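Commentary on secondary and tertiary structure
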Amino acid sequence: MIESYPSSAASDASSDDGGLSALLRRSPPANIAAEQALLGAILTNNKAYERVSDFLEPEHFADSVNGRIYEAVARRIERGQLADPVTMKAEFEHTGVLDAAGGPAYLAKLLTAMVGIVNAGDYGRVIHDAWVRRQLIDIGESVVNNAFGARPDLDGSDQIAASEEALFKLATERGQEGGFVSFGKALTGAIDVAEKAFLRTGDVVGLTSGLRDLDKRTGGLHPSDLLILAGRPAMGKTALATKIAFSAARSIMRDAEEKGEKPHGSVAIFSLEMSSEQLATRILSGEAEVSGEKIRRGDIGQKEFDRFVRVSRELQKLPLYIDDTPAISLSSMRTRCRRLARTQGLSLVVVDYLQLMRPAIGTKPDSRVLEISMITQGLKAIAKELSVPVIALSQLSRQVESREDKRPMLSDLRESGSIEQDADAVMFVYRDEYYLQQRMPKDSAYDSNEKFQAATEEWQRKMALVHNKAELILEKQRHGPTGMIQLYFEGEYTRFGDLDIIHE
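Residues numbered from 1 in each chain as written. Predicted model: local features only at pLDDT ≥ 70, side-chain atom pairs only at ≥ 80, totals over all residues. Heavy atoms only, no water.

Some points on the overall build of the protein chain
Our working definition: Helix and strand definitions here come from DSSP, where helices need a minimum of 4 consecutive H or I residues and strands a minimum of 2 consecutive E residues; each element is numbered from the N-terminal end. Type-normalised accessible area, obtained with a 1.4 Å probe on protein chains alone, sets the label of each residue: buried when under 20%, exposed when over 50%, and partly exposed for intermediate values. Here, two residues are considered to be in contact whenever any of their heavy atoms come within 4.5 Å of each other. Each accessible area value is a Shrake-Rupley result obtained with a 1.4 Å probe; residue values ignore everything except the protein chains displayed when judging cover.
Within the protein chain, the secondary structure is distributed over 20 helices and nine strands. Considering the protein chain as a whole, with its 504 residues, one finds that 45% of them fall into the buried category. Look at the contacts in the protein chain between residues 6 or more apart in sequence, and 71% of them connect residues 24 or more apart. Accessible area of the protein chain: about 27200 Å², with a carbon and sulfur share of 51%.

If you want it as structure tokens, here you go:
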């Protein structure tokens, strides 16, 4: 195998007069001999191309002439045609590809440089690795130039995020490794999942949502899934998402305590709308059964306050983390999730809500729809990369309000195309009580007291039917059935729970 990267100035960097001047004199990493050997191998036997075609691109070549030769040869092979010095000669002469390298004599040089097709994959990896190193140098130069003021529009934090985004893009786009997995290996993974489900009691395979009927319908929250929870304002999106996050964190803590270990996972909430204190108050209100409104006003007695403090101490140990950075960018969110996964373990991510997010630093989408598309794709990428479920809250368009039946549909999602497409599940939270409350009869609308009383009684009857009830409409689910799940909603504490409609 041909080893890499050379540079006559490499020794200068370690010499006595090294320093910055020596660094500047160094040539970018490249291995021209490996490029020539690979091209010679492909031109001699086109099967050598199969060993590098899944990861090597023309732009990976340091010598642009070699890159253009590789592109032309690859194009011909992809068409199922023979690519050798004879068949390629006419095309090279017509396009003038070889002129800069010395003409047709360069083809002969490539053939003599060929060592053997067995090593073609090794040559390709050397070329690719040199390209990765050159990209790293470019990113490093950009970091330095931006820090010196080349991008005055970016402050220090944004520059860090932009650098991380560039590194992440390089890491994910540097050539996809992996490829096919044998069906036998895939089956082994499927059996492992089925075994875990079999050994668990109940219907939950993934992480629990804390809602019995939702877990039955979905089997819990599954790694790598992007779940969209949408609804109109005041429907309780944040309350429901907080309930799920809190239940997941409590489940993680309980499992750890049963094993006598520290928790090996955590739940991250990115609250772009509410502060961490507001979100913590909401959770405390529900668990301590003290009205959040009373807490804000300070209108609570000693007994309630003591209960509030006691519950807060119990909840303090939960592996639940809140980031309330407003308008956080996708790249910053990814970095913080990675850091949490590395330090505490990560089991679930909740984003409230995705329309308040910014796309990755340095990207400037042409439209709002494209921007939302980039965000949802990025959230799905985070779910897959970290193998955790991601729940993203979303707003609905106002067209819901203009319909008689205000239950949401997929088409009501704002910038819906990409959200609907990227999500593994889409859920809508809906409370009929909220809309019915607004239609309370007014005596001025009726010409007699009898009609007003009749209308009021009918309204009260309908209100009794929907009081403290909510609907979770599972409109899309890639891995299971859809349908409506009834939930209990307690407005005083802004909390959701299971609705018991059948009593044993």
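Some remarks on the pattern of salt bridges
For clarity, the threshold we go by: Salt bridge, as used here, is a side-chain nitrogen of Lys or Arg placed within 4 Å of a carboxyl oxygen of Asp or Glu.
For the coordinates displayed, the defined rule picks out nine salt bridges. Between R125 and D122 there is a salt bridge whose closest N-O contact spans 3.5 Å. Placement of the pair is R125 and D122 together in helix α8 (residues 120-147), with a separation of three residues, close to one helical turn. Residue R125 is classed as partly exposed on the basis of its relative accessible area, which comes to 47%. Given a relative accessible area of 25%, D122 falls into the partly exposed group.

Considering the packing of aromatic side chains
To keep it simple, the criterion reads: Aromatic pairs are defined between Phe, Tyr and Trp rings, using the six-membered ring for Trp, whenever the two ring centres lie within 6.5 Å; interplanar angles under 30 degrees are classed as stacked, those over 60 as edge-to-face, and all others as tilted.
Scanning the entire structure with this criterion turns up three aromatic pairs. Of the aromatic side chains, those joined through ring pairs into one cluster are Y49, F61 and Y70.

What to know about unusual backbone geometry
If you check the backbone angles, S224 has positive phi at about 75° while not being a glycine. Here S224 shows up in the loop between α11 (212-218) and β1 (226-231). Despite not being glycine, N468 shows a phi value in the positive range, around 60°. Position of N468 relative to the elements: it lies in the loop between α20 (449-466) and β7 (469-477). Look at N468 and you get buried, because its relative accessible area is 17%.

A word on the packing of helix α3 (residues 32-44) against helix α5 (residues 64-78)
Threshold: Helix axes are fitted to C-alpha atoms over the stretch in contact, other axes to C-alpha atoms as well, and angles between N-to-C directions run from 0 to 180 degrees. By the definition adopted for this analysis, an angle is roughly parallel if under 35 degrees, roughly antiparallel if over 145, roughly perpendicular if from 65 to 115, and oblique otherwise. By definition, turning the near helix anticlockwise from the far helix through less than a right angle yields a left-handed crossing, and turning it clockwise yields a right-handed one.
It is the contact of α3 with α5, at a shortest axis distance of 11 Å, that shows an interaxial angle of 25°. By the angle between their directions, the pair α3 and α5 is classed as roughly parallel. Like other packed secondary-structure pairs, α3 and α5 cross with a definite hand, here left-handed. Mapping the contact onto sequence places I32, E35, Q36, L39, I42 and L43 in α3 and N66, I69, Y70, V73 and I77 in α5.

Some details on the nonpolar core
The line we're drawing: Think of a nonpolar core as a cluster: buried Ala, Val, Leu, Ile, Met, Phe, Trp, Tyr and Cys residues, connected wherever their side-chain atoms sit within 4.5 Å.
Counting residues in each nonpolar core, the largest one holds 81 residues, and the members touching the most others are I228 and L379. Top element by residues in this core is helix α12 (residues 237-259). It accounts for ten residues. Excluding its chain neighbours within four sequence positions, the residues that come into contact with L379 are L226, L330, M333, V351, L354, M357, V390 and A392. Judged by nonpolar contacts, the second largest core, of 32 residues, contains L38, V52, A83 and F92.

Notes on the environment of S394
The condition is simple: For this analysis, a polar contact is any N or O atom pair within 3.5 Å, provided that within protein one partner can donate a hydrogen and the other can accept it, and provided that sequence-adjacent residues contribute only side-chain to side-chain pairs.
As for its position among the elements, S394 is in strand β5 (residues 390-395). Put simply, S394 and V426 are 32 residues apart on the chain and 9.9 Å apart in space, counted from C-alpha to C-alpha. Look past the residues within four positions of S394 in its chain and what remains in contact with it is I228, L229, A230, G231, K237, Y353, L354, Q355, L413 and I419. Side-chain polar atoms of S394 contact the side chain of Q355, separated by 3.0 Å.

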